[in-house]
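Summary of the model geometry
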Amino acid sequence: MQNKIKVARAEMDLTQEQLAQKIGVSRQTINSIEKSRYVPSTILALKMSHLFSKRVDELFQLEKED
Amino acid sequence: MEEKVTIASCQNNERSKLLKILKFKLPHKYKKLGLISAGLLMLGLIISKFAGYNHLINKDAIRTVMLLALLIASLSQEKVEDEYVNHLRGQSYILAFICSLGYSIILPLITFVIDFLIVRITGDGQTNFYEISAFEVMFMMICFQLLFLVGLKRLDLAE
């Protein structure tokens, strides 16, 4: 699973820490999601989608092996 | 149709009970408390063994309390508890389960082979199969879980 969280975060000029606080997780979680080491739950994905005002499928894309 | 609804609602009830157990966590402060208590009990056991007070204490009772202390540490929240930590916690339980099973299978085999070789070389005694106690397996499992959780978090930070 690929994601564009880092890009979306940069567009809103947010640090990982700020984003983490806004959606109620740790900075480590944001870091892991951005590096595609962790696929977030639907709830977290929707929270990000609302925050960035983007559709979930704009933020997260399936890869060939998914 | 009515019967199906009843069965479904029963299943939902069971599921919600299980989810409650899965979601149960103690506050973070209990982690330190559990680890310190377990450490002190372990130290007490070691000292009593070397100081010759072994007969004065109930080893089984202390071991049970030690397991309880480690369980408290295992069930305690991290400083920041979110879904990612829960995910790592789940992975640490799986790894701990596999490793402790591996430990309880491999260790007796290794001791058996060593025992067998010693008997072959020295020519006296007999080969015994080392039995791992339930305490040993549970202790290893809970220690592995705590270590894997720390390890997984550290590995993640390191990358």
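As a starting point, this report considers the structure included with it. It should be emphasised that the depicted structure is a prediction, and the values quoted were computed from it without experimental measurement.

1. Concerning the interface of chain A and chain B
Contacts between the two partners involve 12 residues from chain A and, on the opposite side, nine residues from chain B. When the area that chain A buries against chain B is broken down by residue, the three leading residues are Gln28(A), Arg37(A) and Tyr38(A), summing to 57%. Counting every contact that joins chain A to chain B gives six residue pairs in polar contact (both at pLDDT 80 or more). It is helix α3 (residues 27-34) of chain A that contributes the most residues to the side of chain A that touches chain B, four residues altogether. Among the residues forming the side of chain A that touches chain B, the class breakdown is four nonpolar, five polar and three charged.

2. Focus: the environment of Thr111(B)
Residues and elements named next belong to chain B. With respect to the helices and strands, the residue Thr111 is situated in helix α4 (residues 83-122). On the basis of relative accessibility, which here comes to 27%, the residue Thr111 falls in the partly exposed class. C-alpha of Thr111 to C-alpha of Glu131: the two residues are 20 residues apart in sequence and 9.8 Å apart in space. In terms of polar contacts, Thr111 uses its side chain to reach the backbone carbonyl oxygen of Pro108, at 2.9 Å.

3. Side note on the pattern of salt bridges
In total, this model carries eight salt bridges over all chains according to the counting rule given. Close ionic contact of Glu58(A) with Arg55(A) constitutes a salt bridge, the shortest N to O distance being 3.8 Å. Glu58(A) gets classed as partly exposed once you look at its relative accessible area, which sits at 34%. The residue Lys17(B) makes a salt bridge to Glu14(B) at a minimum N-O spacing of 4.0 Å. Here Glu14(B) and Lys17(B) lie together in helix α1 (residues 2-23), a separation of three residues that amounts to about one turn. Under the relative-accessibility criterion, Lys17(B) is labelled exposed at 51%.

4. What to know about the packing of aromatic side chains
Counted according to the given criterion, the structure contains three aromatic pairs over all chains. Relative to Tyr84(B), the ring of Tyr38(A) lies with its centre 4.8 Å away and its plane at 55 degrees, an arrangement referred to as tilted. One end of the pair, Tyr38(A), is in the loop between α3 and α4 (42-52); the other, Tyr84(B), is in helix α4, on a second chain. Of the two residues, Tyr38(A) and Tyr84(B), both sit in the buried class. Pairing Phe135(B) with Phe139(B) gives two aromatic rings, centres 5.5 Å apart and planes at 25 degrees, and the pair type is stacked. Placement of both Phe135(B) and Phe139(B) in helix α5 (residues 134-158) is noted, with a separation of four residues, approximately one turn of the helix. The burial state of Phe135(B) is the same as that of Phe139(B); both residues are buried.

5. Here's the deal with the nonpolar core
Of all hydrophobic cores here, the largest spans 20 residues; its most connected members are Ile5(A), Met48(A) and Phe52(A). Broken down by secondary-structure element, the contributors of at least two residues to this core are α1 (5-11), α2 (16-23), α3 and α4 of chain A together with α4 and α5 of chain B. Counting residues per element, this core draws most heavily on α4(A), which supplies four residues. Beyond its immediate chain neighbours, meaning those up to four positions away, Phe52(A) contacts Ile5(A), Ala8(A), Arg9(A), Met12(A), Leu14(A), Leu19(A) and Leu59(A).

Cut-offs and rules
- Residues numbered from 1 in each chain as written.
- Chains lettered and ligands numbered in written order.
- Predicted model: local features only at pLDDT ≥ 70, side-chain atom pairs only at ≥ 80, totals over all residues.
- Heavy atoms only, no water.
- Contact = heavy atoms within 4.5 Å.
- Buried area = accessible area lost by both parts, 1.4 Å probe.
- Polar contact = N/O pair within 3.5 Å; in protein donor to acceptor, adjacent residues only side chain to side chain.
- Helix = DSSP H or I, 4+ residues; strand = E, 2+ residues; numbered from the N terminus.
- Nonpolar A, V, L, I, M, F, W, Y, C, P; charged D, E, K, R; others polar.
- Buried < 20%, exposed > 50% of the residue type's maximum accessible area, 1.4 Å probe, protein only.
- Salt bridge = Lys/Arg side-chain N within 4 Å of Asp/Glu carboxyl O.
- Phe/Tyr/Trp six-rings, centres within 6.5 Å; stacked < 30°, edge-to-face > 60°.
- Core = buried A, V, L, I, M, F, W, Y, C linked by side-chain atoms within 4.5 Å.

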